[in-house]
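Each chain is listed here by its residues.
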Amino acid sequence: MTRLFSFILGYVKFTFSGGFSERFLNICFNEGINLRDIKKKDDTVYAMCSPAAYKKLHTIALKSGGVVRIYKKCGLPFLLPDIKYRLGFFVGLFAFVLIIAFLNCFVWSVEIVGNDETSTNTLEYYLEDNGLKSGTMWSAVDRDRLSWLILRDFNNVAWAHINRDGAKAVLEITQALPPDMDYDENDLKGISVERKELEVTAQRQQSKMTVRDIKNYYTLNFFSLHIPLYINQARGDAESKTLTPLRVNGVSIPISIEKTVQTFYFANPYTLDDDELEALARKKLELLKKQELSDYEIVNESEEIELDEEKAVMKGAYVLRGK
């Protein structure tokens, strides 16, 4: 830390020669002048001190019968030219820092992670309706309140929290797991058979998601700042990211380019014929049977289907025995 302050304030390395070196050092110490790295070679003393202290050494050197000479100037004040020639540089640097700090007060993008069951578009529209979108100031976003609203309005979300990552808002959610159906064997005593009905509906109009467009977005990560290199990021249904760190002579430094690949889809509608519609209804009924009747043995079953122009309704009646 001492070397850092010395570099910032500057220091000089000098020699004292031609006089009584012991007298020279004693006078310096008595007057409180801080000399560092003192060395003596032959009749010459080598040391270093601050520029302000060096100005006092000429008088002391004369009293000691010698002279002092600077042989090296070190530190920031000697590396930079006169500040009047660099005024524009410092003004521009200060303005750049102010602009970056001002831009970092806004939300530039919103990322959603952990939404395995909830649609990304649904969550993005919900956040926009509640004040969290690109261009919003962070001070206007109540993240705790918005997290509670998500838990209130989405039954399949067990936990939600909004983190601030530079100029990016990250919504992290955890989907709720379906409750386990635990049965007490004592509750099933005396039950030999029972009857249960299931019903499913399949729509004739279906749609298939097709890739419409793929766009790339880049963000400059400069230490803790995240600077987007785009004007606005459109909504997409899927995304993947790769982080390319900057390396200098094989060493990674905290400057990198983050690439976001955004994929956009559109729904391609199509209509099922009667055979396809019946097959879809039977498949849905089979899946429902596995979920609802897995703990039973099917003794007897009866299934029927009704078709119309819009949908198919398939019903099943089952006589069951507990396993």
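Before any of the text, the structure's been laid out above.
Because the structure is a prediction, the values reported are computed rather than measured.

A. Examining the pairing of strand β13 (residues 296–307) more closely. Alignment of β13 against strand β14 (residues 311–322), held across 11 bridges, turns out to be antiparallel. Looking at the pairing, Leu-307 lines up with Ala-312 of β14. From the end of β13 to the start of β14, which pair antiparallel, there are 3 residues.

B. Structural context of the sheet that holds strand β4 (residues 67–74). Taking strand neighbours across the sheet as the criterion, the 4 strands line up as β2-β3-β1-β4 in an open arrangement whose pairing is antiparallel. The open sheet has two edge strands, β2 (36–41) and β4, and neither has a second partner. When strand polarity is set aside, the average angle formed by the axes of neighbouring strands in this sheet is 20 degrees. In the sheet, strand β1 (residues 11–17) pairs with strand β3 (residues 44–49) via 5 bridges, with the strands oriented antiparallel. Pairing of Phe-16 across the sheet is with Val-45, part of β3. Helix α2 (residues 21–30) contacts β1, β2, β3 and β4 of the sheet and is inclined by roughly 170 degrees relative to β2. Together, β1, β3 and β4 form the strand contacts of helix α3 (residues 51–63), whose direction differs from that of β4 by roughly 165 degrees.

C. Up close: the pattern of salt bridges. Tallied over the entire structure, the rule returns 11 salt bridges. Where Glu-22 meets Lys-40, a salt bridge forms, and the shortest distance between an N and an O atom there is 3.5 Å. Of this pair, Glu-22 sits in helix α2 while Lys-40 is found in strand β2, placing the two residues 18 residues apart along the sequence. Notably, a salt bridge pairs Glu-111 with Lys-168, separated by 3.2 Å at the nearest N-O pair. With a gap of 57 residues between them, Glu-111 in strand β5 (residues 109–113) and Lys-168 in strand β7 (residues 168–175) connect regions that are remote in the sequence. The two residues Glu-111 and Lys-168 agree in class, both being buried.

D. A look at the state of the cysteines. Applying the stated criterion to the full structure yields 0 disulfides. Unpaired in terms of disulfides, Cys-28 finds its nearest cysteine sulfur in Cys-49, a separation of 8.2 Å. Its relative accessible area of 0% is what places Cys-28 among the buried residues.

E. Highlighting a nonpolar patch on the surface. On the surface, Leu-4, Phe-5, Phe-7, Ile-8, Leu-9, Leu-76 and Leu-79 cluster together into a nonpolar patch covering about 690 Å² of accessible area. When residues of the nonpolar patch are traced back to their parent elements, those giving at least two are α1 (2–9) and α4 (76–79). For the nonpolar patch, the leading source of residues is α1, giving 5 residues. Locating Phe-7 in the fold gives a position in helix α1. Looking at Phe-7, the relative accessible area reads 37%, which means it is partly exposed.

F. Here's a closer look at the packing of aromatic side chains. The final tally for this structure, using the stated rule, is 5 aromatic pairs. Residues Phe-14 and Tyr-54 carry aromatic rings whose centres are separated by 5.9 Å and whose planes lie at 55 degrees to one another, so their mutual orientation is tilted. Of this pair, Phe-14 sits in strand β1 while Tyr-54 sits in helix α3, placing them 40 residues apart in sequence. Phe-14 sits in the buried class, given a relative accessible area of 0%.

Conventions and cut-offs
Residues numbered from 1 in each chain as written. Predicted model: local features only at pLDDT ≥ 70, side-chain atom pairs only at ≥ 80, totals over all residues. Heavy atoms only, no water. Pairing = 2+ DSSP bridges. Helix = DSSP H or I, 4+ residues; strand = E, 2+ residues; numbered from the N terminus. Axes fitted to C-alpha atoms, helices over the stretch in contact; angles between N-to-C directions. Contact = heavy atoms within 4.5 Å. Salt bridge = Lys/Arg side-chain N within 4 Å of Asp/Glu carboxyl O. Buried < 20%, exposed > 50% of the residue type's maximum accessible area, 1.4 Å probe, protein only. Disulfide = S-S within 2.5 Å. Patch = residues over 30% accessible without salt bridge, like charges linked within 9 Å, V, L, I, M, F, W, Y side chains within 5 Å. Areas by Shrake-Rupley, 256 points an atom, 1.4 Å probe, with all protein chains shown as cover. Phe/Tyr/Trp six-rings, centres within 6.5 Å; stacked < 30°, edge-to-face > 60°.

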